Amino acid sequence: MRNNEQIRSLFERVCQDDMRAYNELYLALCKQLLHFSAAIVSSFHLAEEVVSDVFIMIWQKRHQLAHVQNPAVYLYVATKNYSLNTLQQQKRHLHASLELLDTSALLIAPDAESGMISAEVSQKIEAAIRSLPARCQLIFRLVKHDQLSYREVAELLNISPKTVDAQLTIAVKKVTQAVRFDLSGELAQSYLHLDS
Amino acid sequence: MDQERLYHLLAREIANELTHAETEELQQLLQHHPHASYIRELFTRQWEEVSQQEYPQQMLAKHLQRLEQAAAPEEEAEEPVATSGRRLWLRIVAAAASLAIIAVVGWKLLYRPATAPPPQEQLVTTKGTRSKLVLPDGTRVWLNAGSKLDYPKTFAVDQQRIVRLEGEAFFDVTTDAARPFRVQTRSFTILVLGTSFNVRAYPEEDSAVTSLVQGAVQVQLDKAGKQLVALHPNEKLTVPANLFEQSEELVKESDTKKLQVPVYKQPLTQVRDSVLTETAWVTNKLAFKHLELEKVTAMLEQWYGVEIGFRNEQRKQLYFTGVFDTGNVDNVLEALASTNSFTYIKDANGKIWIE
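Not measured: the values here are computed from a predicted model. (Residues numbered from 1 in each chain as written. Chains lettered and ligands numbered in written order. Predicted model: local features only at pLDDT ≥ 70, side-chain atom pairs only at ≥ 80, totals over all residues.)

**So, the overall build of chain B**
A tally of helices and strands in chain B yields 8 helices and 22 strands. Put simply, chain B has 355 residues, and 28% of those count as buried. Intrachain contacts of chain B at a sequence separation of at least 6 include 49% that bridge at least 24 residues. (Helix = DSSP H or I, 4+ residues; strand = E, 2+ residues; numbered from the N terminus. Buried ≥ 20, exposed ≤ 12 C-beta atoms within 10 Å, placed from the backbone. Contact = placed C-beta atoms within 7 Å.)

Rendered as structure tokens:
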């Protein structure tokens, strides 16, 4: 769970040399940044170093970062840039970009243990998400799991908030259809027909 | 179109971007499409990570080590701003030291002679640390404290995938019928297709255990591959630790006869709904059922990297059952001691004594 106010206040304290706030900030964001980076560099091992490097940079530059408006987005953008650099070094890509995402690092699903859905439905949802284009999966995850706003995702990925809105709608549609198909085959059939 | 509008509004609700008017519109649409309420409910819940599970505390510990290394030259350069800079430096060291659960992960390349299999990697965990990795074929491995896993840097095409384990690990093996997966231990070799199971083979323990959660495995008890035991889900197999070394001669002597060794199959032990003692550690839980205190303290030593001794031998025979979400060792001991069956103290060296 990401709470913007909490992140902001931790970040302010980090800028004033508070090591405990620094540790808390790391714990609050390391998992989601790790997965975001892993999708780009295609390795959790490398991604862990990327996230660590980003946080080392934060500590070293902490006195120059007081002006940062949205620390969460700042950290995401830094993670993106560090990841792309790493990818460039690793694979000697001339143009490392977000076009080739390893979406397996992005996958999320409702918690089957909550009892609301069966393992089977959960698998169908996973399959539906996997069938989405990589960038759409990334946007769905950033909004649904990492709780970034439209504007934040737009800034991070250099796209318009409208595009974020449209991509998320596509993801919601796909997942809904997968679940409905499971609820009632016939109903879903007519529904799919109506849709097309 | 109603449906499209519904998807759009659901998307905006997930993103927390609904306006007042849109909230009302969504309510009305949901009344016309009651089935959509289910999916809406599903979307409002927290969704979980599918691919990987991390231990943020361990990540932080590793990170602080790296920060310490990166910070050293920087602090030297800032020498003139003496006091505040230095104290800060001390604080960094203190923070890193207090998180002494530092996951000391030794990544080593073991180069073998030219004819040998591909270069091996090794993952080692010390007492009090656990680690997790994904093998080149996508197989996921959780390595418990005080364990060692040798695995090749890459798995060759059309060849068996072989790893070697000392200690305890949980495997979630990627299915690949063309390349069977094998786990070698001192006590046995496990043959796998695609499945999840736990292996416990610590060299200092007198028996080794394979616990199967899903799928199917065969446990090979001798080098010749004549003694195979098949396991079904929720079964575990316990064998003497040094069986594998002896088995060669035993097989030669008895040939077609079955090995006369104390090998036994049991169901897995459930402590609470969905908590199995054999695999609880994978989800960072410490679980035991009706276990002597002597064995419980051995687990605690392994888990937290502490030392525990007994001043009253009789206490060793007390039995305990429990599931802990690994806070620290004091919490666990406090909870166990709250039964009033024993007390404990820490001596000057930090060693814990049961009295």
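From this point, the narrative continues.
**Quick word on the packing of helix H1 (residues 4–15) of chain A against helix H2 (residues 19–41) of chain A**
Residue and element names in this part refer to chain A. As a packed pair, H1 and H2 sit with axes 8 Å apart at the nearest point and diverge in direction by 140 degrees. Taken together, the axes of H1 and H2 lie oblique to each other. Of the two possible hands of crossing, H1 and H2 adopt the one that is left-handed. Along the contact surface, H1 presents Ile7, Leu10, Phe11, Arg13 and Val14, while H2 presents Ala21, Tyr22, Glu24, Leu25 and Ala28. By residue class, the composition of the contact of H1 with H2 is 8 nonpolar, no polar and 2 charged. (Axes fitted to C-alpha atoms, helices over the stretch in contact; angles between N-to-C directions. Parallel < 35°, antiparallel > 145°, perpendicular 65-115°, else oblique. Left-handed = near helix turned anticlockwise from the far one by under 90°. Nonpolar A, V, L, I, M, F, W, Y, C, P; charged D, E, K, R; others polar.)

**Topic: the sheet that holds strand E22 (residues 352–354) of chain B**
Residues and elements named next belong to chain B. If you walk across this open sheet you meet the 3 strands as E19-E22-E21, and the pairing is mixed. Only two strands of the sheet have a single neighbouring strand rather than two, namely strand E19 (308–310) and strand E21 (344–346). Put simply, the sheet's adjacent strands are angled 25 degrees from each other on average, direction ignored. Sheet topology places E19 next to E22; 3 bridges connect them, and they run parallel. (Pairing = 2+ DSSP bridges.)

**Remarks on the nonpolar core**
Residues Leu33(A), Val51(A), Ile139(A), Val143(A), Val153(A) and Leu168(A) are the most contacted members of the largest nonpolar core, which totals 64 residues. No other element matches the 12 residues that H2(A) contributes to this core. Once residues lying within four places of it in the same chain are set aside, the contact partners of Leu168(A) are Ile139(A), Phe140(A), Val143(A), Ala11(B), Ile14(B) and Ala15(B). By size, the runner-up hydrophobic cluster in this structure holds 50 residues, among which are Leu135(B), Ala169(B), Leu231(B) and Val282(B). (Core = buried A, V, L, I, M, F, W, Y, C linked by C-beta atoms within 7 Å.)

**Thoughts on the confidence of the model for chain B**
All names here are of chain B. Averaged over every residue, the pLDDT of chain B is 76; the share at 70 or more is 77%. Highest mean pLDDT in chain B belongs to E19 (92); lowest belongs to strand E2 (residues 108–110) (31). Considering only residues more than four positions removed or in separate chains, one finds that residues 74–116, a stretch of pLDDT under 50, has 48 contacts. Two summary scores accompany this predicted model of the complex, namely pTM at 0.49 and ipTM at 0.86. (pLDDT = per-residue confidence, 0-100.)

**Observations concerning H1(A)**
All names here are of chain A. For H1, which comprises 12 residues, the first-to-last C-alpha distance of 17 Å matches the rise-based estimate of 16 Å (1.5 Å per residue) to within 8%. Taken as a whole, H1 has its buried residues at Leu10, Phe11, Val14 and Cys15. Burial along H1 is one-sided: seen end-on, the buried residues are contained in an arc of 140 degrees. Of the residues one or two after H1, Asp17 is the one with positive phi, at around 70 degrees. (Expected span 1.5 Å × (residues − 1). Arc of directions from axis to C-beta.)

**Some words on the pairing of strand E11 (residues 207–214) of chain B**
Residue and element names in this part refer to chain B. As defined by bridge partners, strand E10 (residues 196–201) adjoins E11 across 5 bridges and the pair is classed as antiparallel. Residue pairing in the sheet places Arg200 in a bridge with Val209 of E11. If you look at the hairpin formed by E10 and E11, you'll find 5 residues sitting between the two strands. Relative to strand E14 (residues 235–240), E11 is paired through 6 bridges, and the arrangement is antiparallel. Counted as the bridge partner of Leu212 is Glu235 from E14.

**Let's talk about the interface of chain A and chain B**
Each partner contributes to the interface: chain A provides 42 residues, whereas chain B provides 34 residues. When residues of the side of chain A that touches chain B are traced back to their parent elements, those giving at least two are H2, helix H3 (44–60), strand E1 (108–110), helix H6 (134–144), helix H8 (161–183) and helix H9 (185–195) of chain A. No other element matches the 9 residues that H8(A) contributes to the side of chain A that touches chain B. Among the residues forming the side of chain A that touches chain B, the class breakdown is 23 nonpolar, 9 polar and 10 charged. Examined bridge by bridge, E1(A) and strand E1 (residues 47–49) of chain B share 3 bridges and lie antiparallel to one another. In the strand pairing of E1(B), Ile108(A) is matched with Glu49(B).

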